[in-house]
Amino acid sequence: LRKSYFLLMLDRHQEAAAELRVGIDEGNPTDNLVYQAAQLMGVAGASQEENQAMMDDALIKHPQLHRIRGDLAMRVARKDGLKAGERYWSNPDAPSDEAGYLLEQMRYYAIAGNVDKMLEIYEPAVEAAREDRNTAGWFVDIAALIGRFQYLDEMKKLLEEAIVDRSAAPSNMLTAA
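For clarity, every value in this text was computed on a predicted model and none was experimentally measured. (Residues numbered from 1 in each chain as written. Predicted model: local features only at pLDDT ≥ 70, side-chain atom pairs only at ≥ 80, totals over all residues. Heavy atoms only, no water.)

Helices and strands together make up the secondary structure of the protein, namely 11 helices and 0 strands. Across its three principal directions, the C-alpha atoms of the protein cover 50 × 40 × 25 Å. Expressed as a percentage of the 177 residues in the protein, the buried residues total 41%. In the protein, the share of contacts with a sequence separation of at least 24, taken over all contacts with a separation of at least 6, comes to 49%. Here the protein holds 20 positive side-chain charges and 29 negative ones, and the gap between their average locations is 3 Å. (Helix = DSSP H or I, 4+ residues; strand = E, 2+ residues; numbered from the N terminus. Buried < 20%, exposed > 50% of the residue type's maximum accessible area, 1.4 Å probe, protein only. Contact = heavy atoms within 4.5 Å. Lys, Arg positive; Asp, Glu negative; His and termini not counted. Charge placed at Lys NZ, Arg CZ, Asp CG, Glu CD.)

Below, the structure written as structure tokens:
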């Protein structure tokens, strides 16, 4: 990664993007690193299709990239319809019992306008969040999503749980307030 950033400082965008891809392929990337690589590829002249292919490759190698999964699902759904986007949620290799996966799946259906499907995922997402070391953070994120659809009682309950959870950080408490 350092080499990539060094190349970027030298305005060698294509080489920097290639080095980031090596880091993604061989390392344990975060969603943000994949987004940075896509942005850098765009600056270097890559097409949207090339960017999407890179993100698809990253997701195949690293199925824990939940935000990337959600983003790709929405891109495909906008282009080819919701059924096409749903393929990202039916991959048997995906960690579908993780809070991050379930939250992104909820977001997908919320953006798609399928609130009933979003609500089907709500309870499994909350249960997965309870089993994660970042319970409070997940509760705040889930509460923010369902609050947009006026499920205020559920939102309030999750925020109250987030505040008293042992994983609560000051930022969680501030957001919940």
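There is more to say, and it comes next.
This paragraph deals with unusual backbone geometry. The backbone of D11 shows a phi angle near 60°, a positive value even though the residue is not glycine. Residue placement: D11 occurs in the loop between helix 1 (2-9) and helix 2 (13-26). Unlike most non-glycine residues, Q150 shows phi in positive territory, near 70°. Mapping Q150 onto the fold places it in the loop between helix 9 (135-147) and helix 10 (152-164).

Moving on: the packing of helix 2 against helix 3 (residues 31-43). In contact at an axis separation of 9 Å, helix 2 and helix 3 are set at 155° when each is read in the N-to-C sense. Between helix 2 and helix 3, the interaxial angle falls into the category roughly antiparallel. Helix 2 and helix 3 meet at a crossing whose hand is left-handed. The segment helix 2 lies against helix 3, with H13, A16, A17, L20, R21 and I24 engaging L33, V34, Q36, A37, L40, M41 and V43. Partitioned by chemical class, the residues of the contact of helix 2 with helix 3 number 10 nonpolar, 2 polar and 1 charged. (Axes fitted to C-alpha atoms, helices over the stretch in contact; angles between N-to-C directions. Parallel < 35°, antiparallel > 145°, perpendicular 65-115°, else oblique. Left-handed = near helix turned anticlockwise from the far one by under 90°. Nonpolar A, V, L, I, M, F, W, Y, C, P; charged D, E, K, R; others polar.)

Counting residues in hydrophobic clusters, the biggest one holds 53 residues, and the most contacted among them are V34, M54, M106, I142 and L158. Counting residues per element, the ones that place at least two in this core are helix 2, helix 3, helix 4 (48-61), helix 5 (66-80), helix 7 (99-112), helix 8 (115-130), helix 9 and helix 10. (Core = buried A, V, L, I, M, F, W, Y, C linked by side-chain atoms within 4.5 Å.)

Right, let's get into the environment of G45. Checked against the element boundaries, G45 lands in the loop between helix 3 and helix 4. It is 15 Å that separates the C-alpha atoms of G45 and R21, two residues lying 24 residues apart in sequence.

The subject of this paragraph is the pattern of salt bridges. Counted according to the given criterion, the structure contains 11 salt bridges. We note a salt bridge from R12 to E15, for which the minimum N-O separation is 2.7 Å. A relative accessible area of 37% places R12 in the partly exposed class. Measuring nitrogen to oxygen at the nearest pair gives 3.6 Å for the salt bridge that ties E120 to K117. You can see E120 and its partner K117 sitting in helix 8, 3 residues apart, about one turn around the helix. (Salt bridge = Lys/Arg side-chain N within 4 Å of Asp/Glu carboxyl O.)

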